[in-house]
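Chain by chain, the residues:
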Amino acid sequence: MTPIPSMRWPDHLFLIGCGNMAGQMLSRWLDCGLDPARVTVLRPSGRPVADGVTVITDYPSALPAGTTVLLGMKPYQIADVAAALAPLCRADTPIISILAGTTLADLRARFPAARDIVRAMPNLPVGLGEGVTALFTDATTGQTGKADVEALIQPLGLAEWIADESLFNQVTALSGCGPAFLFRFADALARAGEAIGIPADQAARMALATVQGSANMAARASAHAGDSPAILADRVASPGGMTRQGLNVLDADDRLLTLLTDTLAAARDRGEAMARGE
Ligand SMILES: NC(=O)c1ccc[n+]([C@@H]2O[C@H](COP(=O)([O-])OP(=O)(O)OC[C@H]3O[C@@H](n4cnc5c(N)ncnc54)[C@H](O)[C@@H]3O)[C@@H](O)[C@H]2O)c1
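Quick summary incoming for the structure in this document. What you see is a predicted model; the values in this text were computed from it and never measured. The numbering scheme is per chain: residues are counted from 1 as the chain's sequence reads. Totals for whole chains, interfaces and linings use every residue, but because this is a predicted model, local features are given only for residues with pLDDT of at least 70 and side-chain atom pairs only at 80 or more, for both listing and counting. Hydrogen atoms and water are omitted, and side-chain values are computed over all heavy atoms in the structure.

A separate point is the overall build of the protein chain. Counting secondary structure elements, the protein chain contains 10 helices and 8 strands. Viewed in the frame of its principal axes, the protein chain has a C-alpha envelope of about 70 × 40 × 35 Å. Across the 278 residues that make up the protein chain, the buried fraction comes to 36%. Long-range pairs, those at least 24 residues apart, make up 61% of the contacts in the protein chain with a sequence separation of at least 6. Of the accessible surface of the protein chain, which amounts to about 15200 Å², a share of 58% is contributed by carbon and sulfur atoms. In this tally, Lys and Arg are treated as positive and Asp and Glu as negative; His is ignored, and so are the chain termini. Here the site of a charge means NZ on Lys, CZ on Arg, CG on Asp, or CD on Glu. Charge separation in the protein chain, taken as the distance between the mean sites of 22 positive and 28 negative side-chain charges, equals 2 Å. Per the convention used, a helix needs a DSSP run of H or I reaching at least four residues, while a strand needs a run of E reaching at least two, with both numbered from the N terminus. Whether a residue is buried, partly exposed or exposed follows from its accessible area with a 1.4 Å probe, protein chains only, as a fraction of its type maximum: under 20%, in between, or over 50%, in that order. Pairs of residues are marked as contacts when any of their non-hydrogen atoms sit within 4.5 Å. Here the Shrake-Rupley method, with its probe set to 1.4 Å, supplies the accessible areas, and only the displayed protein chains count as covering residues.

So, in structure tokens, the structure goes:
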């Protein structure tokens, strides 16, 4: 992949944990030209991450100058991680946290020296540069700190600053968890096809290609003509035809809308419970 010319990288990037999510972020950054020699990953397994990336299993005695920290482990590990990491962080050590349900106030309390702390909520397609990342910070973080984080997040896809942290669990439910809901939909579409008689492997291929083509088409239609997915759905449905009969099932009593609203609300509520330490 050709490096994105406008990319601006931290002098050094220190990842705490590099599993499903942080791994996708790092993979995209490396694809876009981040020098692996600038990256250190701390992971208990010590398993290699990528050529040239340093992997350690314990905390160093100091962080290289210009280090940006990415917290990428599980939220419940924050107490242990902060106890070891906070003494290494200085005022000019930016911290980006992708931990669900971990508030900025909590992060500030655990990393009192750090000035720039940003909550980021990415989703898995960031690995393709087609992700969504919600960002939140407070007035303590400087404008330069915000711009630096924005520059780092830019190659991952869409980035959206959230003005009000109380919406962070909502946006996490929508875009952070969203890929799982879409994957479920694609799976259900395939299984429904099988249920009405299509061979399973063929239904799986056709469902996935339909989701992929439709998502690409919806993105283009929105960007070029401002046409929403709701308008596109009507364009598929010939009056009195097959699609309308199907849409009538999804739309009856707002069935699909209610199901998705309940789904997002359940995910949001879990984020709020996690923030309470539950
Ligand atoms: N998976 C997603 O789609 C997604 C999306 C947005 C945010 N997140 C957030 O990303 C974080 C990681 O989620 P994941 O799905 O990648 O989980 P994961 O289990 O795949 O990765 C967690 C990583 O943390 C490492 N780790 C374990 N104990 C550690 C310790 N004591 N110190 C440092 N590292 C340790 C593990 O080796 C692993 O690499 C979570 O906080 C989650 O809220 C995940």
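Attention shifts here to the pattern of salt bridges. Salt bridges are counted wherever a side-chain nitrogen of Lys or Arg sits within 4 Å of a carboxyl oxygen of Asp or Glu. If you walk through the whole model with that rule in mind, you get 12 salt bridges. For the salt bridge of D148 with R8, the shortest nitrogen-to-oxygen distance reads 2.6 Å. In this pair, D148 sits in helix α4 (residues 143–153) while R8 sits in the segment before β1 (12–16), placing the two residues 140 residues apart along the sequence. Overall, the relative accessible area of 36% leaves D148 in the partly exposed class. E165 is paired through a salt bridge with R119; the nearest N and O atoms lie 2.7 Å apart. One end of the pair, E165, is in the loop between β8 (157–161) and α5 (168–176); the other, R119, is in strand β6 (residues 117–121), with 46 residues separating them in the sequence. The partly exposed category is assigned to E165, whose relative accessible area is 22%.

Residues other than glycine predominantly adopt negative phi, and peptide bonds predominantly adopt the trans conformation. Of note in the backbone geometry, D253 takes a positive phi value of approximately 55 degrees without being a glycine. Along the polypeptide, D253 turns up in the loop between α9 (242–251) and α10 (255–275). At D254, a residue that is not glycine, the phi angle is positive and equals roughly 55 degrees. Relative to the helices and strands, D254 resides in the loop between α9 and α10. For D254, a relative accessible area of 43% gives the class partly exposed.

This part is about the site of the ligand. Here a residue is considered near a molecule or strand provided that any single heavy atom belonging to it is located within 4 Å of it. The ligand sits among 21 residues. The nearest are N20, M21, M73, Q77 and A100. Polar contacts, as used here, are pairs of N or O atoms within 3.5 Å; protein pairs need one atom able to donate a hydrogen and one able to accept it. Residues neighboring in sequence count only if both atoms are side-chain atoms. Separating an oxygen atom of the ligand from a side-chain N or O atom of K74 is a distance of 3.1 Å. Between the ligand and Q77 there is a distance of 2.7 Å, counted from a nitrogen atom to a side-chain nitrogen or oxygen. Burial of the ligand by the protein amounts to 77% of the accessible area it has alone, namely 830 Å². Note that Gly is not counted as nonpolar here; it falls among the polar residues with everything else outside the nonpolar set of Ala, Val, Leu, Ile, Met, Phe, Trp, Tyr, Cys and Pro and the charged set of Asp, Glu, Lys and Arg. Broken down by class, the residue content of the shell around the ligand amounts to 14 nonpolar, 5 polar and 2 charged.

Further remarks concern a nonpolar patch on the surface. The patch calculation keeps residues exceeding 30% relative accessible area without a salt bridge and links them within 9 Å when they carry like charges or within 5 Å when they are nonpolar (Val, Leu, Ile, Met, Phe, Trp, Tyr). Together, L182, F183, F185 and L189 make up an exposed nonpolar region whose accessible area comes to about 400 Å². By secondary structure assignment, the location of L182 is in helix α6 (residues 178–195).

Turning next to the packing of aromatic side chains. Ring pairs (aromatic) are described by centroid distance and by the angle formed between their planes. When two rings of Phe, Tyr or Trp (its six-membered ring) have centres within 6.5 Å they constitute a pair, described as stacked for plane angles under 30 degrees, edge-to-face for angles over 60, and tilted for the intermediate range. Considering all chains together, one arrives at 0 aromatic pairs under this definition. For a Lys NZ or an Arg CZ to count as sitting over a ring, it must be within 6 Å of the ring centre and within 35 degrees of the ring normal. Here the basic side chain of K146 rests over the ring of W161, its NZ or CZ set 4.6 Å away from the ring centre.

Let's shift gears to the environment of L174. Tracing the backbone shows L174 in helix α5. We classify L174 as exposed; its relative accessible area is 55%. L174 sits 47 residues away from G127 along the chain, and the two C-alpha atoms are 18 Å apart.

Read across the sheet, 8 strands follow the order β3-β2-β1-β4-β5-β6-β7-β8 without closing on themselves; strand pairing throughout is mixed. Edge strands, defined here as strands with exactly one partner in the open sheet, are β3 (54–56) and β8. Mean inter-strand twist for the sheet, computed between neighbouring axes without regard to direction, equals 20 degrees. Pairing of β1 with strand β4 (residues 67–71) involves 5 bridges; the strand directions are parallel. Residue pairing in the sheet places L15 in a bridge with L70 of β4. Strand contacts of helix α1 (residues 20–31): β1, β2 (39–42) and β4, with the helix running at about 160 degrees to β1, the strand carrying the most contacts. Should DSSP find at least two bridges between two strands, the strands are taken to pair. The axes are straight lines fitted to the C-alpha atoms, using for helices just the contacting stretch, and the angles between their N-to-C directions are given from 0 to 180°.

Interpretation note: all reported values are geometric properties and have no functional meaning in isolation.
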